[in-house]
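# Overview (structure and organization)
For reference, the chains in residue letters:
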Amino acid sequence: MCTDRHLQLSFLPTREMPDRRGQRYQPLGRSGYVFVPEGDDVYDSIGIVCQCTTTDGFSMSDIDDLINRTGTLIFSDEPNVGYKARMLDQPSRSSALVRFDTQQMTIAFECQPWRYLTPAAADITSAAGQTALIIENTHNVYSEPVITVSVSGSGVEWTLTIVNSEGTNVISCSGASTAIAINSELQECTNAAGNASRNYAVSLTKFPHLTPGTNTISWSGSGVSSVKVTPNWRDI
């Protein structure tokens, strides 16, 4: 029940697995088909349709502010799973004849394909003098972490190396005086607050993933004071 919006679910909605994105071909002279995926773990968004009943005090203004905004959608049968979702357009309502009493309402959401751990896992932070972190991903798909490298001093040069099932990913910084956050989901390097770009200071070929299994993150640079990983765990 969404008490702050004066809405109650009529029943828990169906949540389907997302379709993997790619091309389907029927080769000449061969039975069946060939599916060529667009990339590793590339999926379409999913739709979730909720049937709701209004409760006392409901007004359309309760949900108007949600239209086309993104947020986390959580259902009571999976309280530890959240979908990154946005509500599509105005919800459909029952006829005007019954609007003076409770209304039946259909609300459609478009969701990213991932099922995020909710509440989010705690950050993983290095201890003093540590030069590596070993992180186990027990989920069934890679995550897109935020890795924040903090420094002491000015003009600090550092190198970050991530080793996992995807191979070795080396990221370097030409000279930092403040912390730099490598945000894989946004595909941006920023300051620690996330409100100023630091792309110019970081050299990388791809943003890091935490793949299922063991991930080793090591670093070098005499001025590195700590490394913090926000894992953003999720499943498909």
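Look up: the structure comes first, before these words.
The following refers to the structure shown. (Residues numbered from 1 in each chain as written. Predicted model: local features only at pLDDT ≥ 70, side-chain atom pairs only at ≥ 80, totals over all residues. Heavy atoms only, no water.)

With the rule as written, the count across this model stands at 10 salt bridges. Of the charged contacts, one joins aspartate 44 and arginine 21 as a salt bridge, the two residues approaching to 2.9 Å between their closest N and O atoms. Of this pair, aspartate 44 sits in the loop between strand 3 (34-37) and strand 4 (46-54) while arginine 21 is found in the loop between strand 1 (7-9) and strand 2 (22-25), placing the two residues 23 residues apart along the sequence. Of the charged contacts, one joins aspartate 123 and lysine 228 as a salt bridge, the two residues approaching to 3.9 Å between their closest N and O atoms. With aspartate 123 in the loop between strand 9 (115-117) and strand 10 (124-125) and lysine 228 in strand 19 (residues 224-230), this pair connects stretches of sequence that are 105 residues apart. Owing to a relative accessible area of 39%, aspartate 123 belongs among the partly exposed residues under this scheme. Residue classification places lysine 228 among the partly exposed positions, given a relative accessible area of 31%. Among the ionic contacts, a cluster of salt bridges with common partners joins Arg15, Asp77, Glu78 and Arg115. (Salt bridge = Lys/Arg side-chain N within 4 Å of Asp/Glu carboxyl O. Helix = DSSP H or I, 4+ residues; strand = E, 2+ residues; numbered from the N terminus. Buried < 20%, exposed > 50% of the residue type's maximum accessible area, 1.4 Å probe, protein only.)

Okay, the environment of threonine 161 next. Mapping threonine 161 onto the fold places it in strand 13 (residues 156-164). For threonine 161, a relative accessible area of 18% corresponds to the buried category. Between the C-alpha atoms of threonine 161 and isoleucine 171, which are 10 residues apart in sequence, the distance is 6.3 Å. The residues touching threonine 161, leaving out its near neighbours within four places in the chain, are Thr168, Asn169, Val170, Thr216, Ile217 and Ser218. (Contact = heavy atoms within 4.5 Å.)

The subject of this paragraph is the sheet that holds strand 14 (residues 167-176). Pairing is antiparallel across the open sheet formed by 5 strands, whose spatial order is 11-18-13-14-17. Whereas interior strands pair on both sides, the edge strands pair on one side only; in this sheet they are strand 11 (132-137) and strand 17 (202-203). Summarising the sheet, strand 13 and strand 18 (residues 213-220) pair through 5 bridges and their orientation is antiparallel. Looking across to strand 18, one finds that isoleucine 162 is bridged to isoleucine 217. (Pairing = 2+ DSSP bridges.)

Bringing the sheet that holds strand 15 (residues 180-183) into the picture now. Hydrogen bonding along the main chain pairs the strands of a sheet, whether they run parallel or antiparallel. Reading across from one edge, 10-19-12-15-16 is the order of the 5 strands in this open sheet, with antiparallel pairing throughout. Of all strands in the sheet, those with a lone pairing partner are strand 10 and strand 16 (188-191), marking the two edges. Here strand 12 (residues 146-151) pairs with strand 15 via 4 bridges, running antiparallel. What sits directly across from valine 146, in strand 15, is asparagine 183.

Evaluation of the coordinates by the stated rule reveals 2 aromatic pairs. Ring centres of tyrosine 43 and tryptophan 114 lie 5.8 Å apart, and the angle between their planes is 85 degrees; this geometry places the pair in the edge-to-face category. Placement of tyrosine 43 in the loop between strand 3 and strand 4 and of tryptophan 114 in the loop between strand 8 (104-111) and strand 9 is noted, with a sequence separation of 71 residues between them. Comparing tyrosine 43 with tryptophan 114, the two get one shared label, buried. Above the face of the phenylalanine 75 ring, arginine 15 is positioned so that its terminal group lies 4.6 Å from the ring centre. (Phe/Tyr/Trp six-rings, centres within 6.5 Å; stacked < 30°, edge-to-face > 60°. Lys NZ or Arg CZ within 6 Å of the ring centre and 35° of its normal.)

What follows covers unusual backbone geometry. What is expected of a backbone is that most residues other than glycine have negative phi and most peptide bonds are trans. In this chain, threonine 118 is followed by proline 119 through a cis amide linkage whose omega measures -5 degrees. Mapped onto the elements, proline 119 comes out in the loop between strand 9 and strand 10. A positive phi angle, close to 55 degrees, is found at glutamine 187, a residue other than glycine. Along the chain, glutamine 187 falls in the loop between strand 15 and strand 16. Residue class for glutamine 187 comes out partly exposed when judged on its relative accessible area of 45%.

Another aspect to go through is the environment of aspartate 56. As for its position among the elements, aspartate 56 is in the loop between strand 4 and helix 1 (61-64). As a C-alpha pair, aspartate 56 and leucine 7 span 49 residues in sequence and 8.9 Å in three-dimensional space.

Looking now at empty space enclosed by the protein. Going through the model one piece at a time under the given rule, you end up with 1 cavity of 30 Å³ or more. The wall of the largest cavity is formed by Ile162, Asn164, Glu166, Gly167, Thr168, Asn169, Lys206, Phe207, Pro208 and His209. Where the lining of the largest cavity is concerned, the elements lending two or more residues are strand 13 and strand 14. Here the lining of the largest cavity gets 3 residues from one element, more than from any other, and that element is strand 14. Looking at the lining of the largest cavity residue by residue, the class counts come to 3 nonpolar, 5 polar and 2 charged. (1 Å grid on protein atoms, 1.4 Å probe; cavity = no way out; pocket = protein on both sides within 12 Å on 5 of 7 lines; lining within 4 Å. Points joined across faces, edges and corners; volume = space filled by probe spheres on them. Nonpolar A, V, L, I, M, F, W, Y, C, P; charged D, E, K, R; others polar.)

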